[in-house]
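Coordinate inspection notes
Spelled out, the chains give:
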Amino acid sequence: MNRKELKIGLFGFGCVGKGLFELLQRTPQLNAKILKICVKDKNKKRLLPLQHYTYNADDVLNNKEINTIVELIDDSVAAFEIVKKAMENGKAVVSANKKMIAEHFNELLELQEKHQVPFLYEASCCASIPILRNLEEYYDNDFLSLIQGIVNGSTNYILTQIVEQNTSYQMALEQAQENGFAESDPMMDVCGFDAKYKLLILIAHAFGTVLKSDDILNVGIDQLTEMDFQFAKEKGLKIKLIAHAQKDEFDKITAFVMPTFIESKDKLYSIDNEFNAVKIVSGFSDTQFFIGKGAGSYPTSSAVISDISALTYNYKYEYKKLKLNECLQDDESIVLKIYLRCSLENSPFLIPNFIKVFESYSNTKLSYTIGLISLMKLKMILNQNRNQVSVVLFESLS
Ligand code: HSE
């Protein structure tokens with residue numbers, strides 16, 4: 001089969017952009033060449049001779065020779081404008097921008113339909129794990145009921161370093177930034193937004209449902225305290241930031257991102273550092289588990305390379321499972337077993353929100369409670385006390 005020749009206009013030359021440039025040089029069989037790189041900062045020292053770069057997006061987007069745009073910038077607003085214009089100009093697009101994709105999913109679907117151009121984004125979810133194309137193709141006739149996992153490399157790296165190396169949260173975060181795992185605004189990682197955007201994309205491809213960012217609660221790791229790690233250690237548990245999505249027999253979806261206690265018998269227990277893992281439960285194939293590096297230059301570029309390769313064969317997502325209606329489970333009927341840590345003074349106000357309390361403990365300053373609570377009440381507590389409590393889910397959905 002003849003492979004289509006790709007002439008690429010690349011947006012962004014950071015950690016992933018540079019990785020892509022290097023990997024493309026090592027894969028000449030791909031028949032893909034970068035013609036121009038669009039970057040923002042005129043004063044930055046550049047790796048390549050200056051004629052390879054432009055600072056004007058239109059130089060790339062209006063270049064008739066360029067048939068493929070690879071968008072690897074971190075500004076999701078600018079990224080959407082680039083991707084939109086690229087599709088309007090009939091160019092195939094590859095992107096790794098989970099925030100942009102999650103926030104504009106329906107518009108991006110319309111643009112693909114209207115302009116009949118492929119738009120691929122394997123690198124947006126779990127970097128090196130080939131999850132989207134699997135959900136799209138392999139499971140196209142199987143009924144998926146659960147998708148769950150560690151989908152953010154930075155937080156997994158930070159949590160591992162805190163527990164295994166006794167590193168402080170701040171130091172571990174700086175290391176995640178130095179290693180090129182974290183977003184330019186690391187709050188996206190540690191507050192669970194990055195994991196939520198990935199979960200939204202995974203849900204669209206797994207269940208065919210396009211949800212909005214506000215539909216899904218994201219609790220991060222930024223409020224976890226020594227008390228929480230100590231509790232986990234004493235019980236032989238690890239805390240991992242887990243993205244959860246489950247569909248019941250009435251097609252109602254429950255989804256959230258939350259720190260979760262993981263037991264040692266759980267496969268997620270041994271997934272450490274920047275590794276990601278996704279568990280899928282489906283009607284026919286039962287439980288499957290995907291593991292791979294979820295952040296970093298080469299792991300992310302490898303997924304971009306795979307999309308580029310797929311484009312040379314004219315591959316595009318067909319969104320065969322896509323349904324028009326949202327079908328979220330009602331928050332009041334979702335009951336979760338959680339650990340809630342708060343200040344001693346705050347505890348008498350928060351505990352009455354629990355349906356049932358199994359255990360409570362207080363020292364002179366802090367208190368924790370383990371019990372059952374509805375997702376609705378948990379959201380209410382977090383809305384009012386986001387920076388004063390830590391929440392860890394006690395049992396994973398399964
Ligand atoms: N900041 C992201 C992470 C990068 O840590 O997972 C990969 O999407």
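In what follows, the structure referred to is the one given above.
These notes cover the structure that comes with them. Throughout, residues of each chain are indexed from 1 in the direction in which the sequence is written. Where local features are concerned, this predicted model is filtered to residues with pLDDT of at least 70; where side-chain atom pairs are given and counted, the filter is 80 or more; whole-chain, interface and lining totals use all residues. Each side-chain value is derived from all of the structure's non-hydrogen atoms; neither hydrogens nor water enter the calculation.

Glancing now at the sheet that holds strand β6 (residues 119-120). DSSP bridges decide pairing: two strands pair if at least two such bridges lie between them. The helix and strand labels rest on DSSP assignments: H or I over at least four residues marks a helix, E over at least two residues marks a strand, and numbering proceeds from the N terminus. Taken in spatial order, the six strands make up an open sheet running β3-β2-β1-β4-β5-β6, and their pairing is parallel. Looking at the sheet topology across the chains shown, the edges are occupied by β3 (53-54) and β6. Here strand β1 (residues 6-11) pairs with strand β2 (residues 32-38) via six bridges, running parallel. Within β2, the residue paired with Leu6 across the bridge is Ala32. The strands touched by helix α12 (residues 297-312) are β1, β2, β4 (68-71), β5 (92-95) and β6; relative to β5, the strand with the most contacts, the crossing angle is about 165°. It only takes one pair of heavy atoms within 4.5 Å for two residues to be counted as in contact. Orientation is described by lines fitted to C-alpha atoms, with helices fitted over the stretch in contact, and by angles between N-to-C directions that extend from 0 to 180 degrees.

A single heavy atom is enough: if one lies within 4 Å of a molecule or strand, its residue is considered near that molecule or strand. Inspection of the region around the ligand gives Lys98, Asn152, Gly153, Ser154, Phe181, Ala182, Glu183, Asp189, Asp194, Lys198, Gly294 and Ala295 as its neighbouring residues. Whenever a nitrogen or oxygen atom comes within 3.5 Å of another N or O atom, the pair is scored as a polar contact, on the condition that within protein one atom can donate a hydrogen and the other can accept it, and that pairs from neighbouring residues in sequence are kept only if both atoms are in side chains. For the ligand, a nitrogen atom lies 2.7 Å from a polar atom in the backbone of Phe181. Only the protein chains shown count as cover for residues, and all accessible areas are computed by the Shrake-Rupley method using a 1.4 Å probe. Surface burial for the ligand is 94%, taken as the share of its 250 Å² of free accessible area covered by protein chains. At the level of secondary structure, the elements contributing two or more residues to the shell around the ligand comprise α7 (153-165) and α10 (193-207). Considered class by class, the residues forming the shell around the ligand number three nonpolar, four polar and five charged. Charged means Asp, Glu, Lys or Arg here, nonpolar means Ala, Val, Leu, Ile, Met, Phe, Trp, Tyr, Cys or Pro, and polar covers whatever is left, Gly included.

Among the residues of helix α6 (residues 131-138), Ile131, Leu132, Leu135 and Glu136 are the ones counted as buried. When α6 is viewed along its axis, its buried side chains cluster within an angular range of 130° and face the same direction. Considering only its buried residues, α6 is in contact with β7 (144-150), α10, β11 (275-282) and β12 (286-293). Three labels apply to residues, based on accessible area from a 1.4 Å probe with only protein chains included: buried if under 20% of the type maximum, exposed if over 50%, partly exposed otherwise in between. By construction, the arc corresponds to the directions joining the helix axis to the C-beta atoms.

Turning our attention to the packing of helix α3 (residues 76-88) against helix α5 (residues 105-115). Close contact between α3 and α5 brings their axes to 9 Å; oriented N to C, the two are set at 15°. Relative to α5, the element α3 is oriented roughly parallel. When the axes of α3 and α5 are compared, the crossing they make is left-handed. Taking contact as the criterion, the partners of Phe80, Val83, Lys84, Met87 and Glu88 in α3 are, on α5, Glu107, Leu108, Leu111, Gln112 and His115. Taken together, the residues that form the contact of α3 with α5 break down as five nonpolar, two polar and three charged. Here the word oblique covers every angle except those under 35 degrees (roughly parallel), over 145 (roughly antiparallel) and from 65 to 115 (roughly perpendicular). Crossing handedness is read from the near helix: turned anticlockwise from the far helix by less than a right angle, it gives a left-handed crossing, and turned clockwise, a right-handed one.

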